[in-house]
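Structural characterization, general
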Amino acid sequence: MAFGWIDEQAQARRRAGLVRTLRPRPADSPLLDLASNDYLGLAHHPEVTEGAARAARTWGGGATGSRLVTGTTELHAELERELAAFCGFEAALVFSSGYAANLAAVTALGPHGSLIVSDAGNHASLIDGCRLARGATQVVGHGDPEAVRKALATHEGTAIVVSDTVFSVDGDQAPLAELAAACREHGAGLVVDDAHGLGVLGEGGRGAPYATGLAGAEDVVVTATLSKSLGSQGGVVLGPARVIGHLVNAARTFIFDTGLAPAAAGAALAALRLLVREPERAARAREVASELHARLTAAGLEAVRPDAAVVSVRAPSPEQAVRWAADCRTAGLAVGCFRPPSVPDGISRLRLTARADLSGAEIERAVRVIGETRP
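Residues numbered from 1 in each chain as written. Predicted model: local features only at pLDDT ≥ 70, side-chain atom pairs only at ≥ 80, totals over all residues. Heavy atoms only, no water.

Per an unreviewed UniProt entry, the protein is named 8-amino-7-oxononanoate synthase, and its organism is Streptomyces albidocamelliae. What UniProt states about the protein under its Cofactor (unreviewed entry) heading is, verbatim, "pyridoxal 5'-phosphate". Of the comments in the UniProt record for the protein, the one headed Pathway (unreviewed entry) reads "Cofactor biosynthesis; biotin biosynthesis." (UniProt positions renumbered as here; feature names shortened; annotations may be inferred.)

Below is the structure:
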């Protein structure tokens, strides 16, 4: 029977407690949200929603085509200029998603004959980029610059090192300065995904590469999403103008994909300008993360110290993680639930988002619910 193997896999997932389901949320959810990636609380900000509405009224509901045909508007170009200036890079290129941006950067910069050195904890989009690239990929230990050096030493020719800046599972930060040094010793490029750093780390939220002094470097390329701190949707690649020009001509997820919807571009631009005016939002997100971690550990829970806005709480098993998250929801708290195969080390977790707009009372309530529902 066609697709009969799907039933076998479904049964295996049920036995392992790994079934995933969609849960549509209402527009006005009563839950306290510590599950989304809305780090700065901008997704519903009036300026951001009006930016989306104004762009839709002006440019229409969709981009109408790929970026090289009709899908590039003056709004897209404006967003790219302001993102590049804010993050400290020469140029930027906007994509329909952060996933597409990562696929573009890795595949276009990892051609045949090249070596791609990838951190074992990288996001799925970077992993898929490595799989699709024509270069050879070598996976190294998580956050291990010395392993990166050893991998680069085995290869003569073009090479790139690929890493998240802040890893989405535990919220730990990559050793960017050490990775850059390893790359420069071997003439390799550094490609980093700052999805969880943009808007949270660096001066006024300019990102982890900016904070590390790597912004604008000729050998550094940064990807990011517009769907987290900027409360919109889409992705961006930032780097030297010649690299961005290469992506325009070689990145398949740019050439063959419809451009980012104008409403998303308008919302992201409004959020970016709001962040420029209110840089304290970035520091507040970090403060909330630190307070969550301190309160959770004081309550006897095993929480990983956050480097940005992701706070991870370990769970005993996949089944207990699912039950824990469900019990939190019943008690009025939405939290993320990460289980295999989404976690590289096989350890299930609750994943909490520290948002800049959370009050002290909401933080206290969240910690209380998590503690009361622990397995």
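There's more to say after this.
**Quick look at the UniProt feature "domain: Aminotransferase class I/classII large" (unreviewed entry) in the protein**
The feature "domain: Aminotransferase class I/classII large" (unreviewed entry), as annotated in UniProt, sits at residues 31-370 in this numbering. Taken end to end, residues 31-370 comprises 43% helix and 17% strand; its first and last C-alpha atoms sit 14 Å apart. (Helix = DSSP H or I, 4+ residues; strand = E, 2+ residues; numbered from the N terminus.)

**Looking at helix α1 (residues 4-16)**
For α1, spanning 13 residues, the distance from its first C-alpha to its last is 19 Å, which sits close to the expected 18 Å at 1.5 Å a residue. Downstream of α1 by one or two residues, Gly17 has phi in the positive range, about 70°. (Expected span 1.5 Å × (residues − 1).)

**Remarks on the pairing of strand β7 (residues 220-225)**
Within β7, 6 of the 6 residues are buried, leaving the element largely enclosed by the surrounding structure. Note: strand β6 (residues 189-193) against β7, 4 bridges, orientation parallel. Pairing of Val192 across the sheet is with Val222, part of β7. By the bridge criterion, 4 bridges tie β7 to strand β8 (residues 235-239) in an arrangement that is antiparallel. Pairing of Thr223 across the sheet is with Val237, part of β8. (Buried < 20%, exposed > 50% of the residue type's maximum accessible area, 1.4 Å probe, protein only. Pairing = 2+ DSSP bridges.)

**Looking at the pattern of salt bridges**
All chains considered together, the criterion is met by 17 salt bridges. With its nearest N and O atoms 3.7 Å apart, the salt bridge here joins Arg54 to Glu50. Placement of both Arg54 and Glu50 in helix α2 (residues 46-59) is noted, with a separation of 4 residues, approximately one turn of the helix. Look at Glu50 and you get partly exposed, because its relative accessible area is 33%. For the salt bridge of Asp357 with Arg355, the shortest nitrogen-to-oxygen distance reads 2.8 Å. By relative accessible area, Asp357 is classed as partly exposed at 39%. Take Arg355: its relative accessible area is 10%, and that puts it in the buried class. When salt bridges with common partners are traced through the structure, they connect Glu50, Arg54 and Arg57 into a single cluster. (Salt bridge = Lys/Arg side-chain N within 4 Å of Asp/Glu carboxyl O.)

**Things to note about a nonpolar patch on the surface**
Together, Phe3, Trp5 and Ile6 line one region of the surface with nonpolar side chains, adding up to about 350 Å² of accessible area. Summarising the element assignment, Trp5 is placed in helix α1. (Patch = residues over 30% accessible without salt bridge, like charges linked within 9 Å, V, L, I, M, F, W, Y side chains within 5 Å. Areas by Shrake-Rupley, 256 points an atom, 1.4 Å probe, with all protein chains shown as cover.)

**Observations concerning the sheet that holds β8**
A sheet is described by the order of its strands in space; here 7 strands give the open sequence β2-β8-β7-β6-β5-β3-β4, paired in mixed fashion. On the outer flanks of this sheet lie β2 (91-95) and β4 (136-140), each paired with one strand and no other. Direction aside, neighbouring strands of the sheet carry axes that sit 20° apart on average. With 5 bridges connecting them, strand β5 (residues 159-164) and β6 associate as parallel partners. Each residue of the ladder has a partner; that of Asp164, found in β6, is Asp193. Strands in contact with helix α3 (residues 74-87) are β2 and β8; relative to β2, the strand with the most contacts, it is inclined by about 125°. Sitting on the sheet, helix α4 (residues 98-109) touches β2, β3 (115-119), β5, β6, β7 and β8, and the angle it makes with β7 is about 160°. (Axes fitted to C-alpha atoms, helices over the stretch in contact; angles between N-to-C directions. Contact = heavy atoms within 4.5 Å.)

**Here we look at unusual backbone geometry**
The backbone phi angle of Phe3 is positive, close to 60°, even though this residue is not glycine. A positive phi angle is found at Thr64, which is not glycine, with a value near 75°. Within the element layout of this structure, Thr64 appears in the loop between α2 and α3. Of the residues examined, Thr64 reaches a relative accessible area of 65% and is grouped as exposed.

**Description of the environment of Val304**
For Val304, the position within the fold is in strand β9 (residues 303-304). Sequence separation between Val304 and Arg314 is 10 residues, and the spatial gap between their C-alpha atoms is 8.1 Å. If sequence neighbours within four positions are ignored, Val304 has contacts with Asp170, His293, Ser312 and Arg314.

**With respect to the packing of helix α12 (residues 280-298) against helix α14 (residues 360-373)**
Viewed as axis vectors pointing N to C, α12 and α14 meet at an angle of 35°, and their least axial separation amounts to 10 Å. Two packed elements cross with a definite hand, and for α12 against α14 that hand is right-handed. Contact with α12, carried on its side by Arg284, Val288, Glu291, Leu292, Arg295 and Leu296, involves Gly360, Ile363, Glu364, Val367 and Ile370 of α14 and no other residues of that element. (Left-handed = near helix turned anticlockwise from the far one by under 90°.)

**Observations concerning the nonpolar core**
Residues Leu34, Leu83, Leu190, Leu226, Leu296, Leu333 and Ile370 are the most contacted members of the largest nonpolar core, which totals 89 residues. The element contributing the most residues to this core is helix α11 (residues 262-277), with 9 residues. Excluding residues within four positions of it along the chain, Ile370 makes contact with Leu296, Leu301, Trp324, Cys328, Leu333, Leu350 and Leu352. Listed in part, the 24 residues of the second largest apolar core include Ala133, Ile160, Ile244 and Phe254. (Core = buried A, V, L, I, M, F, W, Y, C linked by side-chain atoms within 4.5 Å.)

**Observations regarding a positive patch on the surface**
On the surface, a cluster of positive charge is contributed by Arg13, Arg14, Arg15 and Arg20. Mapped onto the fold, Arg14 is located in helix α1. (Lys, Arg positive; Asp, Glu negative; His and termini not counted. Charge placed at Lys NZ, Arg CZ, Asp CG, Glu CD.)

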